[in-house]
Structures are given as C-alpha cells and as structure tokens.
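Residue-level structure breakdown
Each chain is listed here by its residues.
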Amino acid sequence: MSDFEIIAALIARDNAITQDFFFTQCRPLFTSIIHRVYDYDVDYDECINELYLYLLHDDGKRLRQFQGRSSLFLWLKVTATRFFIKKRRHMIENTSREPLYDWDDEEATAGNASYTISTDLMDVENLLNAMPNKRYACVLRQLLLNEVSPNKLAREMNITIDNLYNIKRRALQQLMQVALSDIRHYGKR
C-alpha cells in the first residue's frame, strides 16, 4: 500500500488497516518515541489512542496535511514526537497518596451498616491500590467513588471525553484482573 492509500484508509477508519498500522507496523517507532519522551511508564495503547484521536480530529485534518515530501513513517515520527512532548504532562500517573475517605473509629461502632460500608470501601481501596497503573485507579476513584462527572474529569485531565471512556474501559479490565488475582490469593489461605 502506498502512503496515501494508508492515510485514506485511516481517515475512512478502516479498522483492519488502522490496527495493523498503529499496533504492528508502527509499534517499534512509537515505542521508541514513547521511551525517549517519557521517563516513566505510560500505557502504549493509551498513548496511541490519544495520537489517533489527534490525527483524526476535524475529519482527519492532520493526516490530510501529509504531502508526501518524505515517507509516511518519517512524517509520523516528527508528528508523534511533537504530540507526545506536548502531551507529556497530561500522561503523568497520579501518585497521590491522599486517602479517599477519613477513617473514623466511631463510624465503625456506630452501626453495622456503617461498618459494612466502611469495610467495603476499604476493600475497594485495596483493589485500586493493587492496580499496576495508578492513573487507571485514579480515574476509577474519581468516576465511581467520588462521582465526578466524566466531562469535568476529562477537562481536569486535559483529555477528550472519548479518551476518558477508553481509559475507564481499560481501567475496569485491569481492576477485574486484580480482583481475580486477589480472589485466587485469598482462596489459598
């Protein structure tokens, strides 16, 4: 396929070509860029989803800027590097250690319902703390426990609402894996 045919397929949102291009052909290129730009671990899929949304924004405006004066890979290398540098601060993992709630001993003894809620919150907090991707845990805390609206959280994180939902979906998958691992761990005791 020529560079212009690939761009046309990306703009047309051809799923097979998009998957192959971003997650197979360009993976070494993007992995190299990500490792040079970020001095901490970031999720490859999340970075590429952000880049993909950026390239397709406004009916593929940025992809349409490719004029063929260089190879598509060289153009994409420059474009992706600039994009990731610009987004560097917004891909930072949340390392906050602030507690989700204040533990109050009186609350635990005030009644069985209050105690159950507190222990359930502690269990959820333990699962969130066990998640390897702290940014995912932060998104779940904000959306599910703190009931922050998706629009507000997306604005605070300086990402699109679509990307927030992608992050939430991946975060829930990771939480499920952590919970299943936790069940296997405690089932052996």
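The following refers to the structure shown. In every chain, residue numbers begin from 1 and rise along the written sequence. Confidence filtering applies because this is a predicted model: local features only for residues at pLDDT of at least 70, side-chain atom pairs given and counted only at 80 or more, and all residues used for totals across whole chains, interfaces and linings. Side-chain metrics rest on all non-hydrogen atoms present in the structure, leaving aside hydrogens and water.

1. A look at the nonpolar core
With 28 residues, the main nonpolar core has Phe-21, Phe-22, Phe-30, Leu-51, Leu-63 and Phe-84 as its most contacted residues. Helix and strand definitions follow DSSP, with helices as H or I runs of at least four residues and strands as E runs of at least two, each counted in order from the N terminus. Within the residue set of this core, elements represented by two or more residues are helix H1 (3–11), helix H2 (15–25), helix H3 (27–37), helix H4 (44–64) and helix H5 (72–87). Broken down by element, the residue count for this core peaks at eight residues, all from H4. Only heavy atoms matter for contacts: two residues are in contact if any of them lie within 4.5 Å across the pair. Excluding anything up to four places from it in sequence, Leu-51 contacts Phe-22, Phe-30, Ala-80, Phe-83 and Phe-84. The definition of a nonpolar core used throughout is a set of buried Ala, Val, Leu, Ile, Met, Phe, Trp, Tyr and Cys residues joined through side-chain atoms within 4.5 Å. Using a 1.4 Å probe on the protein chains alone, a residue whose accessible area is under 20% of its type maximum counts as buried, one over 50% counts as exposed, and one in between counts as partly exposed. Ranked by size, the runner-up nonpolar core spans 16 residues in total, among them Ala-137, Ala-154, Ile-159 and Leu-164.

2. Concerning the packing of aromatic side chains
Here is the rule: rings of Phe, Tyr and Trp (six-membered ring for Trp) pair when centre to centre is within 6.5 Å. Planes less than 30 degrees apart are stacked, more than 60 are edge-to-face, and the remainder are tilted. Tallied over the full model, the rule gives ten aromatic pairs. Aromatic pair Phe-23 and Tyr-44: ring centres 5.9 Å apart, planes at 75 degrees, arrangement edge-to-face. A residue pair is termed long-range when its members are at least 10 positions apart, and Phe-23 in helix H2 and Tyr-44 in helix H4 qualify at 21 residues. The class of Phe-23 is partly exposed, set by a relative accessible area of 21%. Taken together through their ring pairs, the aromatic side chains of Phe-21, Phe-22, Phe-30, Tyr-52 and Phe-73 make up a single cluster. The ring of Tyr-44 carries the charged tip of Arg-27 above its face, separated from the ring centre by 4.0 Å. Two limits define a charge over a ring: the Lys NZ or Arg CZ must be within 6 Å of the ring centre, and within 35 degrees of the ring normal.

3. Structural notes on H1
Where H1 is concerned, the buried positions are Ile-6, Ile-7, Ala-9, Leu-10 and Ile-11. The inward-facing, buried residues of H1 abut H2, H4 and H5. Immediately beyond the C-terminal end of H1, within one or two residues, lies Arg-13, with a positive phi of roughly 60 degrees.

4. Quick notes on helix H9 (residues 150–157)
Because an α-helix completes one turn every 3.6 residues, residues spaced three or four positions apart along the sequence face the same direction. The complete set of buried residues in H9 reads Leu-153, Ala-154 and Met-157. What you see down the axis of H9 is that its buried residues fit within an arc of 100 degrees, all on one side. Along H9, exposed side chains directed more than 90 degrees from the buried face belong to Arg-155 and Glu-156. At the exit of H9 stands Asn-158, carrying a positive phi of roughly 60 degrees. Within this analysis, the arc is defined by the directions that extend from the helix axis to the C-beta atoms.

5. Some thoughts on the pattern of salt bridges
One speaks of a salt bridge when a side-chain nitrogen belonging to Lys or Arg is within 4 Å of a carboxyl oxygen belonging to Asp or Glu. Tallying each qualifying case throughout the model produces four salt bridges. Close ionic contact of Arg-170 with Asp-43 constitutes a salt bridge, the shortest N to O distance being 3.6 Å. Residue Arg-170 is located in helix H10 (residues 161–187), and its partner Asp-43 is located in the loop between H3 and H4; the two are separated by 127 residues in the primary sequence. Between Arg-64 and Asp-59 there is a salt bridge; the shortest N-O distance is 3.2 Å.

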